[in-house]
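# Fold and geometry: a report
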Amino acid sequence: MVEESINAIEIASTLGHLDRRTEARMSLTLANAETSRGNLNAARNYLESAEVTFEATRDREGLIETSAAMARVLRTEGRPADAARCFAKMLRLNRGDRRIEVRALHGLVDARTASGRIEGIDPMVQQLREAAIQTGDTRRMARATFAAGLVKLATNDVNEAERHFHTARALAVTVGDLRLQLDSENNLGEVFRIRGESRNAER
């Protein structure tokens, strides 16, 4: 899939003059492809180039997608605090699109939890869950519930964490989200390990 995207862009680039926004969109796609391949420096260069164009053309959607892509690069590099700033920028740029709100809040909650910055995070988690419900999308609701579980686990509220992860797993099953099922199972195992329930953790 990554190679197909790169090949398609290479073909498109031979078709003649492209406007600045189209070129920036192509850079964004290439950045995501390079991130998937682990070429983070190349991805960062593409994103910086795209961001300049989106800023100049006042393309809010492009800036949102660039921030999301940069957050992915930063999370891959193990820099969750920096990634959190990108997700916060997505929220600032958003204009009422609940889908973008859920993406940004989910990333922000996850990144802040990973960096240990959980003070004052509960209202953010509540906002995420409400926004996910308003989209009517079960997959988004499952991920919002999982994010709430991560926060509970980080604060050692293992009973609430277990409840959230069970719910997230059940919702993930209904939409066939295997990645989220695995993540939920992994974190349920961590809950049981903390409790000293080794048999349940192994299961």
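Provided above is the structure to which this section pertains.
Residues numbered from 1 in each chain as written. Predicted model: local features only at pLDDT ≥ 70, side-chain atom pairs only at ≥ 80, totals over all residues. Heavy atoms only, no water.

### Some words on the overall build of the protein
Applied cut-off: A run of H or I in DSSP becomes a helix once it reaches four residues, and a run of E becomes a strand once it reaches two; helices and strands are each numbered from the N terminus. Summary of the burial criterion: residues with accessible area below 20% of their type's maximum are buried, those above 50% are exposed, and those between are partly exposed, where the area comes from a 1.4 Å probe applied to protein chains only.
Across its full length, the protein holds eleven helices and zero strands. Across the protein, helices and strands are ordered from the amino to the carboxyl terminus as α-α-α-α-α-α-α-α-α-α-α. By principal-axis analysis of the C-alpha atoms, the protein measures approximately 65 × 30 × 30 Å. In the protein, which comprises 203 residues, the proportion classed as buried is 41%.

### So, the packing of helix 4 (residues 60–76) against helix 6 (residues 98–114)
The test is simple: Fitted lines through C-alpha atoms serve as axes, helices being fitted only where they are in contact, and the angles separating the N-to-C directions of these axes extend from 0 to 180 degrees. Just so you know how the angles are binned, under 35 degrees is roughly parallel, over 145 roughly antiparallel, 65 to 115 roughly perpendicular, and the rest oblique. Left-handed describes a crossing in which the near helix is turned anticlockwise from the far one by less than a right angle; the clockwise case is right-handed. The criterion used for residue contact is that any of the two residues' heavy atoms lie within 4.5 Å.
Close contact between helix 4 and helix 6 brings their axes to 12 Å; oriented N to C, the two are set at 25°. In terms of axis orientation, helix 4 runs roughly parallel to helix 6. For helix 4 against helix 6, the interelement crossing comes out left-handed. Facing Ile64, Glu65, Ala68 and Arg75 of helix 4, the residues of helix 6 in contact are Ile100, Arg103, Asp110, Ala111 and Ala114.

### A closer look at the packing of helix 8 (residues 138–154) against helix 10 (residues 178–195)
The criterion, for reference: Any residue that is not Ala, Val, Leu, Ile, Met, Phe, Trp, Tyr, Cys, Pro, Asp, Glu, Lys or Arg is counted as polar, Gly included; the first ten are nonpolar and the last four charged.
Viewed as axis vectors pointing N to C, helix 8 and helix 10 meet at an angle of 20°, and their least axial separation amounts to 11 Å. Accordingly, the angle class assigned to the pair helix 8 and helix 10 is roughly parallel. The chirality of how helix 8 crosses helix 10 is left-handed. Residues Ala142, Arg143, Phe146, Leu150 and Leu153 of helix 8 pack against Leu180, Asp183, Ser184, Asn187, Glu190, Val191 and Ile194 of helix 10. The class makeup of the residues in the contact of helix 8 with helix 10 is seven nonpolar, two polar and three charged.

### Concerning the pattern of salt bridges
The test is simple: By definition here, a salt bridge exists when the distance from a side-chain nitrogen of Lys or Arg to a carboxyl oxygen of Asp or Glu is within 4 Å.
Applying the stated criterion to the full structure yields 21 salt bridges. Across the salt bridge formed by arginine 79 and glutamate 77, the nearest N and O atoms sit 3.0 Å from each other. Residue classification places arginine 79 among the partly exposed residues on the basis of a relative accessible area of 35%. Using a relative accessible area of 29% as the deciding quantity, one classes glutamate 77 as partly exposed. Notably, a salt bridge pairs arginine 195 with glutamate 162, separated by 2.6 Å at the nearest N-O pair.

### A short note on unusual backbone geometry
In the Ramachandran plot, arginine 58 falls in the positive-phi region, its phi being about 55° despite a non-glycine side chain. As for its placement among the helices and strands, arginine 58 is situated in the loop between helix 3 (40–56) and helix 4. Even without a glycine there, the phi angle at asparagine 156 is positive, about 65°. Its location among the elements puts asparagine 156 in the loop between helix 8 and helix 9 (158–175). Residue asparagine 156 is classed as exposed on the basis of its relative accessible area of 59%.

### As for the packing of aromatic side chains
Stated formally: Classification of ring pairs uses Phe, Tyr and Trp, with its six-membered ring standing for Trp, and accepts pairs whose centres are within 6.5 Å; under 30 degrees between planes counts as stacked, over 60 as edge-to-face, and the remaining range as tilted.
A full pass over the atoms with the stated rule returns one aromatic pair. Aromatic side chains phenylalanine 146 and phenylalanine 165 sit 5.3 Å apart centroid to centroid with 50° between the ring planes, which places their arrangement in the tilted category. Of this pair, phenylalanine 146 sits in helix 8 while phenylalanine 165 sits in helix 9; the two residues are 19 residues apart in sequence, bridging distant segments of the chain. On the basis of relative accessibility, which here comes to 9%, the residue phenylalanine 146 falls in the buried class.

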